[in-house]
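Each chain, written out:
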Amino acid sequence: ASPTMSATLAVFHAPRAIPKTQRSNVVPRRRIGSPHQAEDPRRRAKRGDPAKKRLGRPSDNSDDNGETSGRRQFLSGGLQLLILSSADDLLAAATAAYMSTPRPETVVYIGVTMDGYIARPDGSLDFLPQPEGDDDFGFGAFLNTVDAVLMGRRTFDQVAEFVVRDKVPWPYEGKRVIVVSRTMTQKDVPEPLSSKATVTAQSPSEALKALGKTGFTRRVYVDGGTTIRSLLEEDQVDEMVLTSVPVTIGRGTSLWGFDTKDKRDYRWSVTSSEPIGRGMVKTTYKRVRKK
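Chains are numbered independently. Their residues run from 1 in the order of the written sequence. Where totals are concerned, whole chains, interfaces and linings use all residues; where local detail is concerned, this predicted model gives features only for residues with pLDDT of at least 70, and gives and counts side-chain atom pairs only at 80 or more. As a rule here, side-chain values cover all heavy atoms of the structure and leave hydrogens and water aside.

1. Thoughts on the pairing of strand E6 (residues 219–223)
Across the five residues that make up E6, a large majority, five, are buried. Side chains Arg 219, Tyr 221 and Asp 223 of E6 all project onto a buried face; the interleaved residues Val 220 and Val 222 project onto the opposite face, where all are buried too. Strand pairing requires that DSSP identify at least two bridges connecting the strands. Here a strand is any run of E in DSSP of at least two residues, a helix any run of H or I of at least four, and the numbering for each starts at the N terminus. The pairing of strand E1 (residues 105–113) with E6 spans four bridges and is parallel. Directly across from Val 107, in E6, lies its bridge partner Tyr 221. As defined by bridge partners, strand E3 (residues 148–152) adjoins E6 across four bridges and the pair is classed as parallel. When the sheet's bridge partners are listed, Ala 148 is paired in E6 with Val 220. Only protein chains enter the accessibility calculation, which uses a 1.4 Å probe; a residue is then buried when its area is under 20% of its type maximum, exposed when over 50%, and partly exposed in between.

And the structure:
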């Protein structure tokens, strides 16, 4: 059940309060086995009347006010039905809550050359310094902050090649990996990775929304030039961790070169900036949006 549905059921499952005017008509509960079990005086009269022995059954005898002795009411805390004009109203309300689920927070973590490229024209990343020993430039610590990874086909193919051909360990262990592609299906995923990545034909924006509806994904790492640009264009990137690499390559794949949403500027704040060795500087930017 959705959070909205659960909340609705919780509200309408609450016990009904007994009005003051009726409290005197409720038979008090007696403790089982208590030596002071005072018998209710109303049960002494006419013991032979079977109607009065059954709680809640009215008898033919009435008092001066016309109230029957069966007026005793036991109000349970059972589920109270929500009265709607039709069952469609509840379905529509639940659907609206489901569709309005906020998307997960998105973060980009990528290396950028001095001239603004993230890869060579053929997708190669050979200009990036290679980690030495256990030093991964902070990538492992970053991965611990995300719940899922969203990438395009070209990025996935590169990672899959490293893992399958070069026997590099799968870098996203324990993370849900979504590959957005209209030219790839689940059957195209190499067998060793078939259980580690899910292919979808949805757009990056639609895939993000679907991840948010699971209720388990709060922060998503977005990778791949086309996927990042698509979400940047829609203003759906919340944080960018850009590592400036001291090299120029002249041509390649850029993160930029698109029209911003509604042709407006996107404002960012710098939350941190630090050198990480080899002349590289890692800077974290947070998207600033008007509330």
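Additional details are given in the paragraphs that follow.
2. Some points on the packing of helix H7 (residues 204–213) against helix H8 (residues 225–233)
Running from N to C, H7 and H8 point in directions that differ by 80 degrees, and their axes come no closer than 9 Å. If you check the angle between H7 and H8, you find them roughly perpendicular. Residues Pro 204, Ser 205 and Leu 208 of H7 form the contact with H8, whose own contacting residues are Thr 227, Ser 230 and Leu 231. Residue classes follow a fixed rule: Ala, Val, Leu, Ile, Met, Phe, Trp, Tyr, Cys and Pro count as nonpolar, while Asp, Glu, Lys and Arg count as charged, and any other residue, Gly among them, counts as polar. Among the residues forming the contact of H7 with H8, the class breakdown is three nonpolar, three polar and no charged. Axis geometry follows a simple rule: fit a line to the C-alpha atoms, using only the stretch in contact for helices, then measure angles between N-to-C directions, giving values from 0 to 180 degrees. With respect to orientation, any angle under 35 degrees is reported as roughly parallel, any angle over 145 as roughly antiparallel, any angle of 65 to 115 as roughly perpendicular, and every other angle as oblique. We call two residues in contact when some of their heavy atoms are within 4.5 Å.

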